[in-house]
Amino acid sequence: MARLSPLYPRGPVNVARHLEPLPDDGSIPGMPGWSWIHTPGHCPGHVSLWREADRTLIAGDAVITTDQESAYAVAVQKPEIHGPPQYFTTDWPAAARSSAALASLDPNLVVTGHGPAMQGPDMRRALRDLADDFFRIAVPRGGNHAPDRGD
């Protein structure tokens with residue numbers, strides 16, 4: 001990511017005229033049957049989308065289904081549950097709470113910002129395992145954005 005940084009925008013882009021606040025009741029205007037869930041950790045305002053009718057979860061980057069820290073895994077795209085991308089996650093305790101909240105939904109299908117969609121009992125088991133042991137599985141050792149793991 002550091003090598004690509006010269007390609008990043010140098011200043012902010014104001015998109016305010018395109019935005020509307022989400023309703024406090026969790027609904028999503030124009031998307032009947034869907035609700036939003038605040039899932040901070042990867043970034044403070046991160047939300048995931050949930051449709052109870054078929055138990056579909058759009059998790060964004062709260063959890064992902066490929067190992068973003070491995071160029072090989074990104075190229076191969078083997079589906080597997082991971083915590084949020086380590087290189088941009090700044091609040092690991094919030095990310096842990098968000099992964100637990102998503103696992104508690106017991107989704108049938110998970111669509112993420114990185115990696116292929118996953119469904120079925122193996123996905124649900126992996127999501128629960130991530131939530132149960134988040135700090136060992138998802139959090140990097142050391143680094144500027146890693147909390148003390150206690151090990």
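Notes on the structure follow. Keep in mind it's a predicted model, so treat the numbers as computed, not measured. (Residues numbered from 1 in each chain as written. Predicted model: local features only at pLDDT ≥ 70, side-chain atom pairs only at ≥ 80, totals over all residues. Heavy atoms only, no water.)

**Here's the deal with the pairing of strand 4 (residues 109-112)**
Formally: Accessibility here uses a 1.4 Å probe with only protein chains present; expressed as a share of the type maximum, an area under 20% marks a residue as buried, one over 50% as exposed, and anything in between as partly exposed. Numbering of helices and strands runs from the N terminus, with a helix taken as a DSSP run of H or I at least four residues long and a strand as a DSSP run of E at least two residues long. A strand pair is defined by DSSP finding two or more bridges across the two strands.
Burial of the side chains of strand 4 is restricted to one face: Val110 and Thr112 are buried, whereas none of Leu109 and Val111 on the reverse face is. One ladder, built from four bridges, connects strand 3 (residues 56-60) with strand 4; its direction is parallel. Looking at strand 4, one finds that Ile58 is bridged to Val111. The pairing of strand 4 with strand 5 (residues 118-119) spans two bridges and is antiparallel. Bridged to Val110 within strand 5 is Met118. Hairpin connection from strand 4 to strand 5: five residues lie between these consecutive antiparallel strands, with Gly115 at a positive phi of about 100°.

**What to know about unusual backbone geometry**
Backbone geometry places Arg55, a non-glycine residue, at a positive phi of 60°. If you trace the backbone, Arg55 turns up in the loop between strand 2 (47-51) and strand 3. With a phi angle near 55°, Asp106 is a residue other than glycine that sits in the positive phi range. With respect to the helices and strands, the residue Asp106 is situated in the loop between helix 2 (92-104) and strand 4.

**Remarks on the nonpolar core**
Selection rule: Here, the term nonpolar core denotes a set of buried Ala, Val, Leu, Ile, Met, Phe, Trp, Tyr and Cys residues that are joined through side-chain atoms within 4.5 Å. Contacts: residue pairs with any heavy atoms within 4.5 Å of one another.
Ranked by internal contacts, the top residues of the largest apolar core, which has 22 residues, are Leu57, Leu127 and Phe134. Residue assignment for this core shows that the elements contributing at least two residues are strand 3, helix 2 and helix 3 (121-132). A total of five residues in this core trace back to one element, the largest contributor, which is helix 2. Apart from residues no more than four positions distant in its own chain, Leu127 is found in contact with Val63, Ile81, Leu102, Ala103, Pro107 and Val110.

**Things to note about the sheet that holds strand 3**
The pairing of strands in a sheet happens through backbone hydrogen bonds and is either parallel or antiparallel. Read across the open sheet, the five strands follow the order 1-2-3-4-5; overall the sheet is mixed. Since the sheet does not close on itself, it has two edges, and those belong to strand 1 (34-38) and strand 5, each with one partner.

**Brief notes about the pattern of salt bridges**
Our working rule: We count a salt bridge whenever a side-chain nitrogen from Lys or Arg sits within 4 Å of a carboxyl oxygen from Asp or Glu.
One pass over the structure, following the stated rule, counts six salt bridges. Between Arg55 and Glu52 there is a salt bridge whose closest N-O contact spans 2.7 Å. As a salt-bridge pair, Arg125 and Asp122 come within 2.7 Å of each other at their nearest N and O atoms. Of this pair, Arg125 and Asp122 both sit in helix 3, separated by three residues, roughly a single helical turn. According to the relative accessible area criterion, Asp122 is exposed, its value standing at 55%. Via salt bridges that share partners, Asp106, Arg124 and Arg128 belong to a single interconnected network.

**Side note on the packing of aromatic side chains**
So the rule is basically this: Two rings belonging to Phe, Tyr or Trp (six-membered ring only in the last case) form a pair when the distance between their centres is within 6.5 Å. Interplanar angles under 30 degrees mark stacking, angles over 60 mark edge-to-face geometry, and anything in between is tilted.
Here the structure, examined in full by the defined rule, presents three aromatic pairs. Where Trp92 meets Phe134, the ring centres are 6.1 Å apart and the plane angle is 45°; that geometry is what we call tilted. Here the residue Trp92 occupies a position in helix 2, and Phe134 occupies one in helix 4 (residues 134-137), the gap between them amounting to 42 residues. Taking relative accessible area as the criterion, Phe134 reaches 2% and is therefore assigned buried. Each residue in the set Trp92, Phe134 and Phe135 is aromatic and connected to the rest through ring pairs, giving one cluster.

**Side note on the packing of helix 2 against helix 3**
Spelled out, the test is: Axis geometry follows a simple rule: fit a line to the C-alpha atoms, using only the stretch in contact for helices, then measure angles between N-to-C directions, giving values from 0 to 180 degrees. By definition, any crossing whose near helix is turned counterclockwise from its far helix by less than a right angle is left-handed, and any crossing with a clockwise turn is right-handed. Residues are grouped as follows: Ala, Val, Leu, Ile, Met, Phe, Trp, Tyr, Cys and Pro are nonpolar; Asp, Glu, Lys and Arg are charged; all remaining types, including Gly, are polar.
Viewed as axis vectors pointing N to C, helix 2 and helix 3 meet at an angle of 145°, and their least axial separation amounts to 8 Å. Classified by chirality, the crossing of helix 3 by helix 2 is left-handed. When helix 2 is examined against helix 3, the residues Ser99, Ala100, Leu102 and Ala103 are found in contact with a partner set consisting of Leu127, Arg128, Leu130 and Ala131. When grouped by side-chain class, the residues that make up the contact of helix 2 with helix 3 number six nonpolar, one polar and one charged.

All we've got here are geometric facts, nothing functional implied.
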